[in-house]
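What follows is the residue order along each chain.
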Protein chains: 2
Amino acid sequence: MALAYDGAIQRLIDAFGRLPGIGPKGAQRIAFHLLSADEQEAADLADAIVEVKAKVRFCDVCGNVCEASPCSICADPRRDHTMICVVEEPKDVMSIERTREYRGLYHVLGGAINPMANVGPNDLNIPQLLGRLNGDDVREVILALDPNIEGEATTTYLSRLLGPLGLKVTRLASGLPMGSDLEYADEITLGRALTGRRDA
Amino acid sequence: MALAYDGAIQRLIDAFGRLPGIGPKGAQRIAFHLLSADEQEAADLADAIVEVKAKVRFCDVCGNVCEASPCSICADPRRDHTMICVVEEPKDVMSIERTREYRGLYHVLGGAINPMANVGPNDLNIPQLLGRLNGDDVREVILALDPNIEGEATTTYLSRLLGPLGLKVTRLASGLPMGSDLEYADEITLGRALTGRRDA
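In the nomenclature of an unreviewed UniProt entry, chain A is known as Recombination protein RecR of Bifidobacterium lemurum. The record in UniProt for chain A states the following under Function (unreviewed entry): "May play a role in DNA repair. It seems to be involved in an RecBC-independent recombinational process of DNA repair. It may act with RecF and RecO."

Re the relation of the copies chain A and chain B
The transform that puts chain A on chain B rotates by 180° and translates by 0.0 Å along the axis, for an RMSD of 0.0 Å. The relationship between the two copies is best expressed as a two-fold rotation axis. Across chain A, the smallest distance between a C-alpha and the rotation axis is recorded for Ala46 of chain A, namely 2.2 Å. Of the interface residues in chain A, 100% have counterparts in chain B that sit at the interface too, so the contact is made through matching surfaces.

What about the environment of Ala112 of chain A?
All names here are of chain A. Of note, Ala112 is situated in the loop between strand E4 (104–108) and helix H5 (126–135). Each C-alpha atom, one on Ala112 and one on Leu194, is 27 Å from the other, the two residues being 82 residues apart in sequence. Those residues in contact with Ala112 that lie beyond four places of it in its chain are Glu88, Val119, Leu124, Glu150, Gly151 and Thr154.

So, the pairing of strand E6 (residues 168–171) of chain B
All names here are of chain B. Bridge count between strand E5 (residues 140–143) and E6: 4 bridges; the pairing is parallel. Note on E6: the bridge partner recorded for Leu143 is Arg171. Crossover E5 to E6 through helix H6 (residues 149–162) is right-handed.

Parameters and conventions
- Residues numbered from 1 in each chain as written.
- Chains lettered and ligands numbered in written order.
- Predicted model: local features only at pLDDT ≥ 70, side-chain atom pairs only at ≥ 80, totals over all residues.
- Heavy atoms only, no water.
- UniProt positions renumbered as here; feature names shortened; annotations may be inferred.
- Least-squares fit on C-alpha atoms with pLDDT ≥ 70 in both.
- Contact = heavy atoms within 4.5 Å.
- Helix = DSSP H or I, 4+ residues; strand = E, 2+ residues; numbered from the N terminus.
- Pairing = 2+ DSSP bridges.
- Right-handed = clockwise from strand over helix to strand, strands pointing away.

Here you go:
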């Protein structure tokens, strides 16, 4: 019985199957897509993988991904260097940039405090954040961590750590997401929306 | 505003986003996974993509994917060379092999007749199938196409084409899938199950 494909195809299916969010059927579908795709599409993908490992690094200032350190945001004189928005991952920077509501700098922690996964404050870019607060003329730090257990724990930790430094420490508002329905809001979200109510 | 990542990461996200079944968020997740994965995992994936394009070809006999033609199934003397199972795609061969119920040969059409997508009988490996039926000592052809409109049309076409050749032409049974519930079966499937009823 031939229960696996000939060498190269099976190796490609296995390699895709190891990526996050791709199951065995998806990996098979992608492998056959690449097999029938033109040479250029397959070569572009292979090159992009090699290139990202060779070129991409982390910004020495903010910890975001970049090709040259400091990154384009840290190096931009038109941005507001008195504000730092603290996020967990590089992709969170992109999410906030898409709102077009923020013109300050960022600091990427590289995760959140998670005792279950053995991630403590010292495993994150927290010393680098303190270093920036000592040297720069920063006036406000916005804590923009994920609204889940690990993010909340990290927010509380940072809020206590930064409190004595005499700068403004804020966090993102919790409440009902736009376009949602009060009836289907979970009780914690609805509770936060009530607590954080403001003048209409 | 930085609404796209620095060069190499964005190129990798774009390249993954072009693959079937991967959306923009999934592509971003995979790109960051590879960025933080060890060098070897990323290199293995890039190598597997290049290798599959370089090594994999189609079997001159059955049209299945292989690294050497004829493929390992066509070249296996222990398999029953009097039966050919006709399928649409190489992945269908693997699905039937996994049942461990079939010991004959295969013929991969490379698709199904689909007038909407301009795929006619001449765009499929049908002439090659006729060639095998002339030369080989084949006694039965099993039509194992997908049970959808295109597959049914192709089954009907092949059944009429092969009928006059004096060999047994069969097709897969239609009916209720195992583990399913009569109440939730669609009417066409249930109708097929009734028409195809057999002695209990």
